[in-house]
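Spelled out, the chains give:
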Amino acid sequence: YAVMEGVAFLNRIVLNRAEAATGTAVRDIRFGGGGAANPIWCQIKADVLGRPVSVVETPEVGLLGAAIIAQTATGRYPTLAAAQEALVRLRKTYLPDATRSADYARLFALYREAEQAVAPISARLADWQGNRIP
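Residues numbered from 1 in each chain as written. Predicted model: local features only at pLDDT ≥ 70, side-chain atom pairs only at ≥ 80, totals over all residues. Heavy atoms only, no water.

## Regarding the overall build of the chain
Right, on to step 1. A tally of regular secondary structure across the chain gives 6 helices and 3 strands.
Right, on to step 2. Ordered by position from the N terminus, the helices and strands of the chain form the series α-β-α-β-α-α-β-α-α.
Right, on to step 3. Expressed as lengths along the three principal axes of its C-alpha atoms, the size of the chain is roughly 55 × 40 × 30 Å.
Right, on to step 4. In the chain, of all internal contacts separated by at least 6 residues, the share reaching a separation of at least 24 is 73%.
Right, on to step 5. Within the structure as shown, the chain displays about 8900 Å² of accessible surface, and the carbon and sulfur contribution to it stands at 60%.
Right, on to step 6. If the 15 positive side-chain charges of the chain are averaged to one point and the 12 negative ones to another, these points end up 3 Å apart. (Helix = DSSP H or I, 4+ residues; strand = E, 2+ residues; numbered from the N terminus. Contact = heavy atoms within 4.5 Å. Areas by Shrake-Rupley, 256 points an atom, 1.4 Å probe, with all protein chains shown as cover. Lys, Arg positive; Asp, Glu negative; His and termini not counted. Charge placed at Lys NZ, Arg CZ, Asp CG, Glu CD.)

## A few points about the pattern of salt bridges
Right, on to step 1. With the rule as written, the count across this model stands at 5 salt bridges.
Right, on to step 2. With its nearest N and O atoms 2.7 Å apart, the salt bridge here joins Arg 51 to Glu 19. Taken together, the positions of Arg 51 in the loop between helix H2 (39–49) and strand S2 (53–56) and Glu 19 in helix H1 (residues 2–22) put the pair 32 residues apart, joining distant regions of the chain. Of the two residues examined, Arg 51 and Glu 19, each falls in the buried class.
Right, on to step 3. Among the ionic pairs, Arg 112 bridges to Glu 115, the shortest N-O distance being 2.7 Å. Taken together, the residues Arg 112 and Glu 115, both in helix H5 (residues 98–117) and 3 residues apart, mark about one turn of the helix.
Right, on to step 4. Residue class for Arg 112 comes out partly exposed when judged on its relative accessible area of 26%. (Salt bridge = Lys/Arg side-chain N within 4 Å of Asp/Glu carboxyl O. Buried < 20%, exposed > 50% of the residue type's maximum accessible area, 1.4 Å probe, protein only.)

## A look at the nonpolar core
Generally speaking, a soluble globular protein has its nonpolar side chains buried in company with each other.
Right, on to step 1. Membership of the largest hydrophobic core comes to 19 residues, with the highest contact counts inside it found for Phe 31, Ile 44 and Val 48.
Right, on to step 2. Those elements that place two or more of their residues in this core are H1, strand S1 (29–31), H2, S2 and H5.
Right, on to step 3. The leading source of residues in this core is H2, at 6 residues.
Right, on to step 4. The contacts of Phe 31, once residues within four sequence positions are left out, are Ala 36, Trp 41, Cys 42, Lys 45, Val 53, Ser 54, Val 55 and Val 56.
Right, on to step 5. Within the second largest apolar cluster, 6 residues are counted, among which are Val 56, Leu 64, Ile 68 and Val 88. (Core = buried A, V, L, I, M, F, W, Y, C linked by side-chain atoms within 4.5 Å.)

## Quick word on the layout of surface pockets
Right, on to step 1. Of the volumes computed, that of the largest pocket is approximately 170 Å³.
Right, on to step 2. In terms of lining, the largest pocket is formed by Arg 30, Phe 31, Gly 32, Val 56, Val 61, Leu 64, Gly 65, Ile 68, Gln 84 and Val 88.
Right, on to step 3. Taken together, the elements giving at least two residues each to the lining of the largest pocket come down to S1 and helix H3 (61–73).
Right, on to step 4. By residue class, the composition of the lining of the largest pocket is 6 nonpolar, 3 polar and 1 charged. (1 Å grid on protein atoms, 1.4 Å probe; cavity = no way out; pocket = protein on both sides within 12 Å on 5 of 7 lines; lining within 4 Å. Points joined across faces, edges and corners; volume = space filled by probe spheres on them. Nonpolar A, V, L, I, M, F, W, Y, C, P; charged D, E, K, R; others polar.)

## With respect to the sheet that holds S1
Right, on to step 1. Read from one edge of the open sheet, 3 strands run S1-S2-S3, paired in mixed fashion. With partners counted over all chains shown, the strands left at the sheet margins are S1 and strand S3 (90–94), one partner each. When the angles between neighbouring strand axes are averaged without regard to direction, this sheet yields 30°.
Right, on to step 2. Summarising the sheet, S2 and S3 pair through 4 bridges and their orientation is antiparallel. Counterpart to Val 53 in the pairing with S3 is Tyr 94. (Pairing = 2+ DSSP bridges. Axes fitted to C-alpha atoms, helices over the stretch in contact; angles between N-to-C directions.)

## Side note on the confidence of the model for the chain
Right, on to step 1. Predicted confidence across the chain gives a mean pLDDT of 92, with 96% of residues reaching 70 or more.
Right, on to step 2. Mean pLDDT per element in the chain: helix H6 (residues 119–127) is the minimum at 88, and H2 is the maximum at 97. (pLDDT = per-residue confidence, 0-100.)

Written out as C-alpha cells, the structure reads:
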C-alpha cells in the first residue's frame, strides 16, 4: 500500500502543478499500463486525487496514443480530442470515496511535511559524488 500511496501522492503533486499552470481543473484521470490492472491501486489513485480514475481497455496505451497522433496527423480526425473520443474505450471507472479521500488529504499534508523535512538530506544525496560519505 505504501508504494502505491506514495506514487499516488506524487501524481497529486503533478496534477496540482499542471492545474495551477494551465488554470484548468482536470475532471477525470485516465490510467493505463500494468499498474491499471490492479484495482486496489486504481481506487487509491481515485481517493488520493479526488477524481474519477478511468482504466482504458487497451493494454498498450503507448501504441494507442501513437495511433491517435498518426490518425490526426493524416487527417482522419480533425483534432486529438476527436481521435481520442473515437478510439479510446474505457474498461472501468473508479470513483473517489469521500471518507477515504478526506483521510488521504490529511495523510498527503503529512507527506508534504515529511518531504520538506528531508529536502536538505535529499539535496546532499543528489550532490554526492563517488564513494565518499557526505
